[in-house]
Each structure stands twice: as structure tokens, then as C-alpha cells.
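A closer look at the structure
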Amino acid sequence: MTHAHGADSEVGRLQTVMLHRPGDELKRLTPRNNDRLLFDGIPWVARAQEEHDAFADALRSLDVEVLYLTELLTETLEQESARNHAITTALSGLHLGDTLRQYLAVALREASPAELTAYLTAGIRNDEVRGGHGLVTSLLDEHDFLVDPLPNLLFTRDSSVWVRDRVAVTSLAMPARRRETQLTELIYTEHPRFASVPGGTRKIHGWHQENVEGGDVLLMAPGVIAVGVGERTTPAGVERFARQVFHAELAHTVLAVPIAQERATMHLDTVCTMVDVDKIVMYPNVADSLTAYAVTAPDPEAGEDALTLHVADAEPFLVAAAKAMGIDTLHQIDTGLDPVTAEREQWDDGNNTLAIAPRVAVAYERNDGTNDRLEAAGIEVVRIAGSELGSGRGGPRCMSCPVSRAPLPVD
Ligand SMILES: NC(=[NH2+])NCCC[C@H](N)C(=O)O
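Here, residues in each chain are numbered from 1, in the same order as that chain's written sequence. Restriction of local features to residues with pLDDT of at least 70 applies here, the model being predicted, together with a cutoff of 80 or more for giving and counting side-chain atom pairs; totals for whole chains, interfaces and linings are based on all residues.

**What about the site of the ligand?**
In this entry, near means the residue's backbone-placed C-beta atom lies within 6 Å of the molecule or strand. With respect to spatial proximity, 16 residues lie near the ligand, and among them Leu38, Gly215, His267, Gly394 and Cys398 are the closest. Looking at the shell around the ligand residue by residue, the classes come out as five nonpolar, six polar and five charged. For this classification, Asp, Glu, Lys and Arg are treated as charged, while Ala, Val, Leu, Ile, Met, Phe, Trp, Tyr, Cys and Pro are nonpolar and the rest, including Gly, are polar.

**Details of the domain arrangement of the protein chain**
Note that the domain bounds were set by an automatic or database domain assignment. Looking at the protein chain, the domain boundaries give domain 1 (14–70 + 152–405) and domain 2 (72–147). For domain 1 and domain 2, the distance between their C-alpha centres works out to 31 Å. With five residues, helix 8 (residues 180–190) is the largest single contributor of residues to the side of domain 1 that touches domain 2. Looking at side-chain class alone, the side of domain 1 that touches domain 2 contains seven nonpolar, four polar and five charged residues. Counting from the N terminus, the helices are DSSP H or I runs at least four residues long and the strands are E runs at least two residues long.

**Examining the nonpolar core**
In this description, a nonpolar core means buried residues of the types Ala, Val, Leu, Ile, Met, Phe, Trp, Tyr and Cys, linked to one another by C-beta atoms lying within 7 Å. Whether a residue is buried, exposed or partly exposed follows from its count of other C-beta atoms within 10 Å of its own C-beta, namely 20 or more, 12 or fewer, or something in between, respectively; the C-beta atoms are built from the backbone. Grouped together as the largest cluster of nonpolar side chains are 111 residues, with contacts concentrated most on Ile225, Val227, Leu255 and Val257. Counting the residues that make up this core, at least three belong to each of domain 1 (14–70 + 152–405) and domain 2 (72–147). With C-beta atoms placed from the backbone, a contact is any residue pair whose C-beta atoms sit within 7 Å. Residue contacts for valine 257: discarding those within four places in its chain leaves Ala226, Val227, Gly228, Val229, Leu268, Leu290, Ala292 and Phe317.

**With respect to the environment of valine 169**
Among the secondary structure elements, valine 169 is positioned in strand 6 (residues 166–169). Between the C-alpha atom of valine 169 and that of glutamate 213, which follows or precedes it by 44 residues, the distance is 9.0 Å. In this view, valine 169 contacts Ser160, Thr181, Thr184, Glu185, Tyr188, Lys203, His205, Gly206 and Trp207; residues no more than four positions away in its chain are not counted.

**So, the UniProt feature "active site" (unreviewed entry) in the protein chain**
UniProt positions are given in the numbering used here, feature names are shortened, and annotations may be inferred rather than shown by experiment. The positions that UniProt labels "active site" (unreviewed entry) are, in the present scheme, Cys398. Secondary-structure assignment places cysteine 398 in the loop between strand 19 (380–384) and strand 20 (401–405). A count of 27 C-beta atoms within 10 Å places cysteine 398 in the buried class. Setting aside its immediate chain neighbours within four residues, cysteine 398 contacts Phe155, Arg157, Asp158, Gly215, Asp269 and Asn352.

**Considerations on the packing of helix 3 (residues 80–90) against helix 8**
In this description, a line fitted to the C-alpha atoms serves as the axis of each element, helices being fitted only across the stretch in contact, and the angle between N-to-C directions of two axes falls anywhere from 0 to 180 degrees. Contact geometry of helix 3 with helix 8 gives a least axis separation of 11 Å together with a crossing angle of 165°. Taken together, helix 3 and helix 8 sit at an angle that is classed as roughly antiparallel. Crossing angle aside, the handedness with which helix 3 passes helix 8 is right-handed. Contact with helix 3, carried on its side by Ala82, His85, Ala86 and Thr89, involves Gln182, Leu186 and Glu190 of helix 8 and no other residues of that element. Of the residues that constitute the contact of helix 3 with helix 8, the class distribution is three nonpolar, three polar and one charged. Angles are sorted into four bins: roughly parallel if under 35 degrees, roughly antiparallel if over 145, roughly perpendicular if 65 to 115, and oblique for all others. For a crossing to be left-handed, the near helix must be turned anticlockwise from the far one by less than a right angle; the clockwise case is right-handed.

**As for the sheet that holds strand 6**
Pairing within the open sheet is mixed, and its three strands lie in the order 5-6-7. Where the open sheet ends on each side, the last strands, each with one partner, are strand 5 (160–163) and strand 7 (203–204). Pairing geometry for strand 6 and strand 7, over two bridges, is parallel. Its bridge partner lying in strand 7, valine 167 is registered against lysine 203. The pairing criterion for strands is at least two bridges between them, as found by DSSP.

Written as C-alpha cells, this is what we have:
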């Protein structure tokens, strides 16, 4: 059975999740391009696929429906209008020039939906173009990509995020990831599963707007959303997002949380994730300094227009969050056992857990210290291998986009 789409928390029973099984796009990574493509190493692809299959199996064995992004995309591309749209957007880069763009458009229109999915995700390298030789292909390096590969599609968390019954198609900051959201937007607009809900799936945000990434968005409790602001989500991004969720009445408070603009803390979910309605696993080395600005909606009855946002003074994150959530304490579970273990395990995504239900979370097995602490705090830890998956710097939360979570029981 298909569950109604949407989520109002991080920990409500996970019913449906969208994953991306790593594929040929990872084979594009070389020591020359891995930094630009945001990978810290060159993964062993077959092993990454095995690890990912085990992740998906663990979710299925917990009764979670697993959707694969590429299957949804291929089904979407069966429609002529979606194909044309996908081809036009993929070829819109100014590096191509008219002749090559025209040549590629003709070639892609002849591809089957599955082949087109492969081109859109694994990209097209200059030396693979046959017969289309013109000035641009001759002058570009043979290794240059005409259509960039998308190795970070693995991290489905970032390119869309459901807030109640709406989906936010995000706007990714790094050039290497921008095209990802063109694909998620197409899926949510055109795939029968999403298009067939009465009125179509309603969206907020879009890939052409200010930068917001899903890894920064944490649904702390129904009505309360924390948004990290740092390397990826910009101050203007959180402002736009807050306005959109207030306008659609999806939340009453948005907590804007500044995070250091560093690789290790690229998203808020690299330093903390929710594991219960009132428990959060958090990197202790930043916990004391993490603050939040609580942003609340304009009050039309007081004559305030839609552009007015109320911004409270910054407070310690845990304090501001507990207040907004209406609970006494948001309990912190520390990453690791000491500062060095914590630093190692934070880097290896020990904080990046995926809650399946309150007090049940998927985590990388390698982070022993953090997993022990989670268990000591009463959390059931579902351990998965991630030696290869982790080379892109993302854990179970990054690798999953919850499409349906059961609402939390009201107590
Ligand atoms: N939600 C997350 N923490 N995602 C991790 C994304 C990792 C990816 N390599 C990037 O740099 O963008």
C-alpha cells in the first residue's frame, strides 16, 4: 500500500524512503576531479553497491518501502514532455555551444528512458561523443564533461525535503550538485506517483531560488524546523524557506542555526540528528557553541504583512529548540567517548543517523563509541557498513530522503 506522502518529524515511523543506489556516476571519479565532485576518495564501486544494497535491505526488513531515484526517473522519462524537458535542462550549459547542443539533443532524444537516465546521472565525457565533432569538441579536453556526472546523487537527502504534505525542491550550493534538483523536481512534477495526487504534489522552494540543502533541514517536532546556515544553506536561503513554510502553514518556528563553513560540518545533519522525540545525537566539540535564532511568522491580525519575520535573539541551540518544541529538555547524546574519538566519529558521520521510529536509528557500524552511547541512552542502533559509501562524506541520513513518515502520536 502507498502511504500518504509527507513527514512532520525526524523520528515518526518511516514508511517510504527515496534512495539512490550508487551507479556508473561513481566510476567517473578520478584523483583529478574528486575534489571538485565533492568526494574525499575514489570509492570501490562494486563494494559501495553491496553496502548500499545492505542498507536498503535493512530498511526493507524494518517495513520501509524503498523507492530508487533512478527507477522513478526512468518511469518519468517515459513521457515525451518530461524527456524533452530533461534534455533541454541538461544541455542548457553555456560550455556546449549551439552545434554540440543540437547534436547531443538529437542523440538523447533517440535514447530509451533507461539510457537517458544513465546519461543524465553518469554524464557524458567529451571523448564519448561520436560523430558530433565540431569546433567545441575539438577544443575541449577529451576528459571534459559535456554533461556532468552526479556522484552525489547518492545523498538524496539534500536535493529535496518533505515538510508535512509538501516537498521542498532545494537549491544546491555547489556547482557539482546543481543539476540534481532538476531531476528531483521533474520526478515530483511528472512521475505518476506524485502527479496523480489530487491537484499534483504541492511544492515549496525551487532549484532556481536561494540556496537551501536538505542536509541542513531538521524537522525537530511538528511545527518546528531547524535549518543550518553555513557552507551550503545561505542566510537568504533560510529566510526564503522560513517565509515559504509560514505562508503554507507548515511550521510555527524556524530555528536558524549558524554552523562553521567547513568540510566537516557542511550540513547541520553532520553535527546532530534526532533519535527520539526529545533526544539528539550531537558533536560535543560544537555543542556548547551552537546557537539558534528562533524565527516566527508574521501576525496578520496585528496588521503585519507577509514579509515580516520575527527574529528572536540568538540563544543556545538546545535551549531555543526545547522552547520551540514545547518540551523541558532536548537531551543530548554525545558523539564518541572523548574529544579525539568524537572528532574521528563526527568525520565518519557518527552523528548522521537515520531514525526509523522513535528510539530506532540506522548508523554506520564503524562509529563504535557513538553507537555505544546511543545504546546506553536506550536507542536501538541498526548498524550498516559504510567503508566505501562514506568516502563521499555522508551517512545514513544523507543517503535517504523520507517520503512518508507516520505522524507522531499526540500525547
Ligand atoms: N546531508 C549531508 N550531510 N549530505 C552529505 C553530502 C556529501 C556530498 N559529498 C557533498 O559534499 O555535498
